[in-house]
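# Chain and residue survey
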Amino acid sequence: MFLHDVNPTVKALTIIGAVFLLAFVFDPVTPLLYIVWTVFVTFVFGTFKKRYYVYYFIPFTLFAFGMFWTTVVFSDTSTVTADSVSFLGMEFPTEDIWTAAALGLRVLAFATLSLLFLFTTNMVHFILSLIQQLKLPPKIAYGVLAGYRFLPMLKTEFQQIRAAHRIRGVNRPDSWKEKLLQYQRFAIPLLAGAIRKAERTAIAMESKGFTGAKTRTFYRPMKVQRKDWLFPVMMFGMLGITIAFSVYFGYFSWYDGQL
Amino acid sequence: MSQEVIRVEDLTLRYEERQKPVLSRLTFSIEEGENMLILGPSGSGKSSLTHCLNGLYPRELDGAMNGEVLVQGQRTDSYPAGEMAQNVGVVFQDPETQFCMITVEDEVAFGLENLNTPHASMVEKVDQALRQVGMEAYKTADISSLSGGQKQKVALACILAMEPEVLILDEPTANLDPVARKEFIQLLKRLKEELSFTLLVIEHKLEGWLDLLERVLIINEKGELAYDGPLHDHLKTYARDIHEMGIQLPYATRTALEQGWTPPYPLHIGDIPPVALPENRPVLSAGKALLEAEAVHWKSILRNINVTFHEGEWMAIVGENGSGKSSFSRILAGIQPPSKGSVAMHGRALKKWKESEMRKEVGYVFQNPEHQFITDTVYDEVAFSLQHAGMKEAEWTRIVEETLKFCRLDGLEDQHPFLLSQGQKRRLSVATMIVENQNMLFLDEPTFGQDEKSTSDLMSLLKEKHENGTTIVMITHDMELVDKYATRVLVMNEGELSFDGQPKELWARPDLGDHHLELPPREQWKRAVLKREEPAYVSS
């Protein structure tokens with residue numbers, strides 16, 4: 001699908017740009033509209049398991065609601081105006097609700113943008129693109145790739161160590177102190193294994209002629225093509241339209257030291 | 001006349017932290033197209049030699065390297081960094097750690113990218129290399145989804161793609177099961193016929209390699225050159241010396257040594273003279289039922305397994321990788337509860353046992369011994385469970401000392417478990433599991449990746465334990481072990497139990513190959529003898 005084909009660097013920079021601009025907006029309507037737009041784009045132009053998107057989205061929703069709630073409850077009451085709304089059986093000043101919603105929705109807007117990137121980007125392609133477009137040194141980039149490969153291996157190893165320790169009669173920890181001791185015990189075999197693995201991988205990479213030099217050819221050339229620019233145009237264009245909409249209906253406000 | 005590709009002259013290698021040199025005054029040369037085996041006891045610096053030959057040393061060396069290593073007539077340190085990969089390629093032992101990319105094609109391309117191969121020819125070379133090793137169907141697959149044998153084939157493809165003149169294989173099959181191992185050697189034989197390259201193999205197990213390798217270089221424990229010459233002739237006469245270095249000889253040669261025959265020793269099963277070999281017929285001692293599994297299911301991995309283990313049995317669980325052997329044994333040992341069905345020990349369901357009581361009955365030795373270590377010294381490691389059982393000090397010190405002695409770890413009490421040798425680590429993990437005199441001992445591939453010496457040490461230790469009444473359950477791929485020790489064998493296939501009976505009944509089955517199993521060498525020999533005798537029998 002379209003989103004998966006966009007050059008990963010262009011996509012990443014667009015997302016960062018949109019997040020940056022949204023950070024200056026301080027009304028709930030603009031981010032809300034933009035969230036709807038981002039989710040729409042993600043679902044229409046991306047292919048992935050929709051269920052996982054929901055799983056990933058839930059913690060962000062909770063965090064956003066937490067942000068909203070704490071802002072409402074702990075707000076500075078001295079600036080209260082006459083207006084108030086009733087919410088969950090309690091009276092709150094409208095202005096506070098407004099600020100809190102702006103904060104909460106902003107978190108969600110950042111989250112949906114990040115998820116758009118996460119769900120439509122192949123991590124390997126992203127790193128390859130960083131090397132080729134942003135001149136990330138291969139030494140770092142291929143190190144990250146090798147590490148990325150290690151993560152699932154570390155996970156299985158951790159599970160094995162846990163089972164192996166259980167059979168040694170290391171009981172489930174009761175206190176914080178014991179828990180700490182247990183993690184220390186896990187850490188030693190895990191680290192010893194990781195260091196050995198890393199060293200072997202490094203030797204294997206060097207034996208294949210890897211020097212970390214910047215001149216190298218690529219099996220997967222990552223190019224920025226004309227069609228890649230459609231994504232930033234679309235995302236920034238919509239951000240402009242959303243802001244224009246909010247301004248027209250009088251909802252819009254910049255961040256101006258509201259908190 | 002063929003040309004010299006590698007010349008090593010008076011090579012001495014020292015690591016900073018060690019007094020003695022790892023390699024000492026080595027001189028030899030290798031000609032184009034040769035097939036050479038490098039032998040030596042563990043720690044004799046064979047892998048260090050690899051690093052010297054492919055130019056990694058002296059660049060990455062903490063220490064000193066004296067003498068000369070010439071590849072294609074040029075000193076290795078005069079090649080620009082990275083260029084040596086075009087001359088000398090190495091396949092390493094561990095299939096897990098020689099990759100840095102996610103998919104097969106990216107990994108094969110990685111080396112070519114390093115060599116600045118233009119894109120168009122790179123695509124071609126990746127395809128070609130994968131075709132050569134027969135892995136073209138896995139081009140876009142994730143490396144992590146492959147089996148060990150397939151990973152080693154990919155590792156080989158990565159090197160072949162770069163078309164080096166010299167191919168070094170550093171114990172390429174040490175972590176593979178016997179069937180995958182055989183396949184890998186077959187593949188090399190075929191490649192040797194199709195392509196021209198010089199082959200250097202470092203190995204601990206000789207079985208299968210003899211048809212391919214002609215010359216041998218033996219390095220002794222001091223890192224000196226002990227022998228350089230034809231492999232077969234040397235082996236026929238000096239097999240005992242090679243055996244004592246911890247090298248696993250081919251079955252035929254090993255048998256000859258065990259039987260005390262005189263040289264020349266046979267090298268292949270077909271060469272064994274037709275005399276009666278001792279039958280390994282383990283005594284059948286079906287004691288009381290000890291552990292009963294009833295209709296055990298686990299996730300989608302295990303389906304409806306019913307089996308009863310008796311006291312005094314030596315069980316082997318065999319089957320292809322991913323057939324559920326480890327999962328099943330973990331359920332039996334009470335580490336993992338089944339999702340359906342039940343397991344009972346001494347007639348009492350496992351879930352009703354208290355964890356601490358159960359551990360006194362059942363021990364489990366994991367595949368990687370390091371995972372089980374929890375203290376800082378060998379002594380504490382063995383003493384750990386006794387100290388926590390609330391035993392008197394005088395008593396547990398006695399038991400600990402006995403156990404250490406039994407596992408031949410006496411004298412190493414103050415060592416850190418992680419600093420032991422592979423064989424010692426394995427024996428320590430066994431020691432921790434028998435110290436409470438457990439009735440039943442599970443072992444997950446106990447001989448995997450071990451050299452001949454530590455394998456035989458471990459097996460004799462287990463045998464003694466078994467004779468004293470311990471029930472042993474081992475997961476293994478090694479049919480020779482099954483043939484030699486097991487009284488009963490279970491074959492797992494796709495999460496189901498497809499065979500349960502005596503080993504000799506299993507060998508008689510025609511469908512062994514379908515389960516990724518092979519006949520043990522003793523059976524192969526028996527059949528070879530029968531075949532030889534058959535025509536004679538008919539004519540008489």
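Residues numbered from 1 in each chain as written. Chains lettered and ligands numbered in written order. Predicted model: local features only at pLDDT ≥ 70, side-chain atom pairs only at ≥ 80, totals over all residues.

Naming follows an unreviewed UniProt entry, where chain B appears as ATP-binding cassette domain-containing protein of Halobacillus litoralis. Under the Sequence similarities (unreviewed entry) heading, UniProt states for chain B: "Belongs to the ABC transporter superfamily." Note on chain B: under the UniProt heading Subcellular location (unreviewed entry), the record states "Cell membrane". (UniProt positions renumbered as here; feature names shortened; annotations may be inferred.)

An unreviewed UniProt entry annotates chain A as Energy-coupling factor transporter transmembrane protein EcfT originating from Halobacillus litoralis. Its UniProt record gives chain A the following Subcellular location (unreviewed entry) comment, quoted word for word: "Membrane".

## Structural notes on the overall build of chain A
Tallying secondary structure elements over chain A gives 9 helices and 2 strands in all. Start at the N end of chain A and walk to the C end: the helices and strands fall as α-α-α-α-β-β-α-α-α-α-α. On C-alpha atoms alone, chain A measures out to a radius of gyration of 24 Å, which is more than a quarter above the 18 Å that the 2.2 N^0.38 rule sets for 259 residues. By the burial criterion, 28% of the 259 residues in chain A qualify as buried. (Helix = DSSP H or I, 4+ residues; strand = E, 2+ residues; numbered from the N terminus. Rg over C-alpha atoms; globule rule 2.2 N^0.38 Å. Buried ≥ 20, exposed ≤ 12 C-beta atoms within 10 Å, placed from the backbone.)

## A closer look at the UniProt feature "transmembrane region" (unreviewed entry) in chain A
Residue and element names in this part refer to chain A. Per the UniProt entry, the sites bearing "transmembrane region" (unreviewed entry) are residues 12–45, 52–74, 97–119 and 229–251 in this numbering. Structurally, residues 12–45 comprises 82% helix and 0% strand, and the distance from its first C-alpha atom to its last is 16 Å. The straight-line gap between the two end C-alpha atoms of residues 97–119 is 32 Å; of that span, 100% is helix and 0% is strand.

## Some words on the UniProt feature "domain: ABC transporter" (unreviewed entry) in chain B
Those residues carrying the UniProt feature "domain: ABC transporter" (unreviewed entry) are residues 6–247 and 267–519 of chain B in this numbering. Secondary structure over residues 6–247 of chain B splits into 34% helix and 25% strand, and the C-alpha atoms at its two ends are 25 Å apart.

## Regarding the domain arrangement of chain B
Residues and elements named next belong to chain B. Domain annotation of chain B identifies domain 1 (4–87 + 164–271) and domain 2 (289–526). At the interface, 12 residues of domain 1 touch 13 residues of domain 2. Residue classes in the side of domain 1 that touches domain 2 are distributed as 6 nonpolar, 5 polar and 1 charged. (Domains from an automatic or database assignment. Contact = placed C-beta atoms within 7 Å. Nonpolar A, V, L, I, M, F, W, Y, C, P; charged D, E, K, R; others polar.)

## Notes on the nonpolar core
Residues and elements named next belong to chain B. Membership of the largest hydrophobic core comes to 98 residues, with the highest contact counts inside it found for Leu-37, Ile-38, Val-108, Ala-157, Ala-161 and Val-201. In terms of residue count, helix H5 (residues 148–161) provides more of this core than any other element does, 8 residues in total. Discounting residues that sit within four places of it in the chain, Leu-37 has contacts with Val-201, Glu-203, Trp-209, Leu-213, Val-216 and Leu-231. Within the second largest apolar cluster, 62 residues are counted, among which are Val-296, Val-382, Ile-434 and Val-435. (Core = buried A, V, L, I, M, F, W, Y, C linked by C-beta atoms within 7 Å.)

## Topic: the sheet that holds strand E14 (residues 340–345) of chain B
All names here are of chain B. Taken in spatial order, the 4 strands of this open sheet run E12-E11-E14-E15, and their pairing is antiparallel. Whereas interior strands pair on both sides, the edge strands pair on one side only; in this sheet they are strand E12 (302–310) and strand E15 (348–349). Running at roughly 125° to strand E11 (residues 289–298), helix H9 (residues 325–332) makes contact with E11, E12 and E14 of the sheet. (Pairing = 2+ DSSP bridges. Axes fitted to C-alpha atoms, helices over the stretch in contact; angles between N-to-C directions.)

## Describing the packing of helix H2 (residues 8–22) of chain A against helix H5 (residues 94–120) of chain A
Between two packed helices, both the angle of their axes relative to each other and the distance between the axes serve to describe the pair. All names here are of chain A. Where H2 contacts H5, the two axes come as close as 10 Å, and the packing angle between them is 175°. Classified by the angle between their axes, H2 and H5 sit roughly antiparallel to one another. From H2, Lys-11, Ala-12, Ile-15, Ala-18, Val-19 and Leu-22 reach across to H5, where they touch Arg-106, Ala-109, Phe-110, Leu-113, Leu-116 and Phe-117. Considering only residue class, the contact of H2 with H5 consists of 10 nonpolar, no polar and 2 charged. (Parallel < 35°, antiparallel > 145°, perpendicular 65-115°, else oblique.)

## Focus on the interface of chain A and chain B
Where interface size is quoted, it is often the accessible area lost as the parts come together. Contact with chain A, which involves 38 residues of that partner, is made by 44 residues of chain B. Among the elements that make up the side of chain A that touches chain B, the one with the highest residue count is helix H7 (residues 138–167) of chain A (13 residues). For the side of chain A that touches chain B, a count of residues per class yields 20 nonpolar, 9 polar and 9 charged.

## Describing the pairing of strand E19 (residues 488–493) of chain B
Residues and elements named next belong to chain B. Across the 6 residues that make up E19, a large majority, 5, are buried. Sheet topology note: the strand E13 (residues 314–319)/E19 ladder contains 5 bridges and is parallel. If you follow Ile-317 over to E19, its bridge partner there is Leu-490. Bridge analysis of E19 against strand E20 (residues 496–501) gives 5 bridges, and the strand direction is antiparallel.

## Considerations on helix H6 (residues 178–194) of chain B
Its 17 residues place the ends of H6 of chain B 25 Å apart at the C-alpha level, agreeing with the 24 Å of an ideal helix rising 1.5 Å per residue. Residues of H6 of chain B that are buried make contact with H5 and helix H15 (479–485) of chain B. (Expected span 1.5 Å × (residues − 1).)

## Section: the sheet that holds strand E16 (residues 362–365) of chain B
All names here are of chain B. Across the sheet, 6 strands lie side by side as E16-E17-E18-E13-E19-E20; this open sheet has mixed pairing. In this open sheet, the two strands that pair with only one neighbour each are E16 and E20. Averaged over all pairs of adjacent strands, the angle between strand axes in this sheet comes to 15°, irrespective of strand direction. Sheet contacts for helix H13 (residues 422–434): E16 and strand E17 (440–444); angle to E16, the most-contacted strand, approximately 165°.

## Comments concerning the environment of Leu-210 of chain B
Residues and elements named next belong to chain B. On the secondary structure map, Leu-210 appears in the loop between strand E8 (198–202) and strand E9 (215–219). Residue Leu-210 is classed as partly exposed on the basis of its 18 C-beta neighbours within 10 Å. When the C-alpha atoms of Leu-210 and Glu-313 are compared, they prove to be 36 Å apart, with 103 residues separating the residues in sequence. Leaving out residues up to four positions away in the same chain, Leu-210 has contacts with His-232, Pro-250 and Leu-267.

## Regarding the packing of helix H4 (residues 50–73) of chain A against H5 of chain A
All names here are of chain A. At a minimum axis distance of 8 Å, the contact between H4 and H5 shows a crossing angle of 160°. Regarding the angle of H4 to H5, the classification is roughly antiparallel. For the pair H4 and H5, the sense of crossing is right-handed. Of the residues in H5, those touching H4 at Tyr-53, Tyr-56, Phe-57, Phe-60, Thr-61, Phe-63, Ala-64, Phe-65, Met-67, Phe-68, Thr-71 and Val-72 are Asp-96, Ile-97, Thr-99, Ala-100, Ala-101, Leu-103, Gly-104, Val-107, Leu-108, Ala-111, Leu-115 and Phe-119. For the contact of H4 with H5, the class distribution of residues is 19 nonpolar, 4 polar and 1 charged. (Left-handed = near helix turned anticlockwise from the far one by under 90°.)

## Observations concerning the environment of Lys-526 of chain B
Residues and elements named next belong to chain B. Turning to its location among the elements, Lys-526 is positioned in helix H17 (residues 521–539). Assessed through the 16 C-beta atoms surrounding it within 10 Å, Lys-526 is described here as partly exposed. It is 55 Å that separates the C-alpha atoms of Lys-526 and His-119, two residues lying 407 residues apart in sequence.

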